[in-house]
Amino acid sequence: MAALVPAGGRLGAEELTYPVLKSLASRLGVTVVPLGMDAEGVRPEAVEAAHRGAPLHAVYLQPTLHNPLSLTMPEARRAALAAVLRRCGIPVVEDAVWGFLHGDAEPFAALAPERTVLVDSLSKRLAPGLTAGFAVAPDVWAPRVEAAVRSGGWAPSRFALEAAVRWQADGTVRAVVEAKRREAARRQEVAGRHLDGFAVRTDPRSCFCWWELPPAWRADLFVAAAARQGVAVTPAAAFAADPHRAPRAVRLGLASPPLDVLDRALAALAALARSSPDGLLAG
């Protein structure tokens, strides 16, 4: 991001976006501009409108298994968005970290390679401790991206690089990815069983769910009530590019707990959502 957007610059992002992006932008003095979305992802006209208001220096996108909505942008929407970005001269940072779980969707960079910096990591694909990431940038921006990575001290350890290269070559990466895809499907089945009848947005290949809560519940109240039962969920405000316009929703992470713990946690959350919040947090 620092390679494309100067301090004081404007970065367009989905109106619900990866929370770390907001903290990085704040640290760099960059303004995050929310871009309106629909069921297919970012609306191209929202990008044009934001750019007309004041030029966007770049746009950050999660086109495949978007976090937190699990959306995957269809081909027609990707093509329309690429056309707008090209016409407006706006570069793109594509976050492909969760794309490995999908398997079929091409990266956005395939449509607009001349203006897209694709960012990926092995931490989700293999293990959280394997801090090896990479960026694929157009030739014109490669020196700036390289300089930004170096200045941030983001070089991976030798162990991470060695492990990544060896496991890619010997088939370990492929085997782990296939296992994680199977496990994600199993966990989605558990979530679907417990949350049937609620307004949940997800994908059978995703490791998380977006839950639009029943009308009686505010997100902050639900998070607090869930915490009293020993279950941690994340409120929509953590993902809202505009914190004053957060929906009444929470994100459920499905990947970390053992399957039996996940089963019990989802059962508890479903029972909580069916109850009334009145008096739950009194005293």
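Residues numbered from 1 in each chain as written. Predicted model: local features only at pLDDT ≥ 70, side-chain atom pairs only at ≥ 80, totals over all residues. Heavy atoms only, no water.

## Topic: the packing of helix H6 (residues 172-195) against helix H8 (residues 259-274)
Phase 1 of the analysis: Between H6 and H8, the shortest axis-to-axis distance is 9 Å and the interhelical angle comes to 30°. The angle between H6 and H8 places the two elements in the roughly parallel class. Where H6 crosses over H8, the two elements pack in a sense that is right-handed. Taken together, the residues of H8 that come into contact with H6 (itself represented by Glu183, Arg186, Arg187, Val190, Ala191, Arg193, His194 and Leu195) are Leu259, Leu262, Asp263, Leu266, Ala267, Ala270 and Arg274.
Phase 2 of the analysis: Residue classes in the contact of H6 with H8 are distributed as 8 nonpolar, 1 polar and 6 charged. (Axes fitted to C-alpha atoms, helices over the stretch in contact; angles between N-to-C directions. Helix = DSSP H or I, 4+ residues; strand = E, 2+ residues; numbered from the N terminus. Parallel < 35°, antiparallel > 145°, perpendicular 65-115°, else oblique. Left-handed = near helix turned anticlockwise from the far one by under 90°. Contact = heavy atoms within 4.5 Å. Nonpolar A, V, L, I, M, F, W, Y, C, P; charged D, E, K, R; others polar.)

## Notes on the sheet that holds strand E6 (residues 92-95)
One key point about sheets: their strands pair by backbone hydrogen bonds, in either a parallel or an antiparallel sense.
Phase 1 of the analysis: Strand order in the open sheet made by the 6 strands is E2-E1-E5-E6-E7-E8, with mixed pairing throughout. Single-partner strands in this sheet number two, and they are strand E2 (31-35) and strand E8 (133-136). The average undirected angle you get between the axes of adjacent strands in this sheet is 20°.
Phase 2 of the analysis: Across 4 bridges, the pairing between E6 and strand E7 (residues 116-121) is parallel. Paired with Glu94 across the two strands is Leu118, which belongs to E7. (Pairing = 2+ DSSP bridges.)

## Focus: the sheet that holds strand E9 (residues 199-201)
Phase 1 of the analysis: Strand order across the open sheet formed by 4 strands is E9-E10-E12-E11, with antiparallel pairing between neighbours. On the outer flanks of this sheet lie E9 and strand E11 (234-235), each paired with one strand and no other.
Phase 2 of the analysis: Bridge analysis of E11 against strand E12 (residues 249-253) gives 2 bridges, and the strand direction is antiparallel. Looking at the pairing, Thr234 lines up with Arg251 of E12.

## Things to note about the pattern of salt bridges
Phase 1 of the analysis: Tallied over the entire structure, the rule returns 15 salt bridges.
Phase 2 of the analysis: Put simply, Arg43 and Glu45 hold a salt bridge, and the shortest N to O gap is 3.3 Å.
Phase 3 of the analysis: Note on Arg43: relative accessible area 26%, which makes it partly exposed.
Phase 4 of the analysis: Residue Asp263 is joined to Arg193 by a salt bridge in which the shortest nitrogen-to-oxygen separation is 2.9 Å. Placement of Asp263 in helix H8 and of Arg193 in helix H6 is noted, with a sequence separation of 70 residues between them. (Salt bridge = Lys/Arg side-chain N within 4 Å of Asp/Glu carboxyl O. Buried < 20%, exposed > 50% of the residue type's maximum accessible area, 1.4 Å probe, protein only.)

## Focus: helix H7 (residues 219-228)
Phase 1 of the analysis: Turning to H7, its buried residues number three or more, namely Ala219, Leu221, Phe222, Val223, Ala225 and Ala226.
Phase 2 of the analysis: Residues of H7 that are buried sit in contact with strand E10 (208-212), E11, E12 and H8.
Phase 3 of the analysis: Of the residues one or two after H7, Gly230 is the one with positive phi, at around 80°.

## Concerning the pairing of E2
Phase 1 of the analysis: Of the pairings in the sheet, the one linking strand E1 (residues 10-14) to E2 comprises 5 bridges and is parallel in character. What sits directly across from Ala13, in E2, is Pro34.
Phase 2 of the analysis: Note on the crossover from E1 through helix H1 (residues 19-28) to E2: the handedness is right-handed. (Right-handed = clockwise from strand over helix to strand, strands pointing away.)

## Side note on unusual backbone geometry
Phase 1 of the analysis: Residue Asn67 is joined to Pro68 through a cis peptide bond whose omega torsion reads 25°.
Phase 2 of the analysis: Not every positive phi belongs to a glycine, and Leu65 is a case in point at roughly 50°.
Phase 3 of the analysis: In this structure, Leu65 sits in the loop between strand E5 (58-61) and helix H3 (75-88).
Phase 4 of the analysis: At Ser70, a position not held by glycine, the phi torsion is positive, near 65°.
Phase 5 of the analysis: Along the polypeptide, Ser70 turns up in the loop between E5 and H3.

Keep in mind these numbers describe shape, not what the thing actually does.
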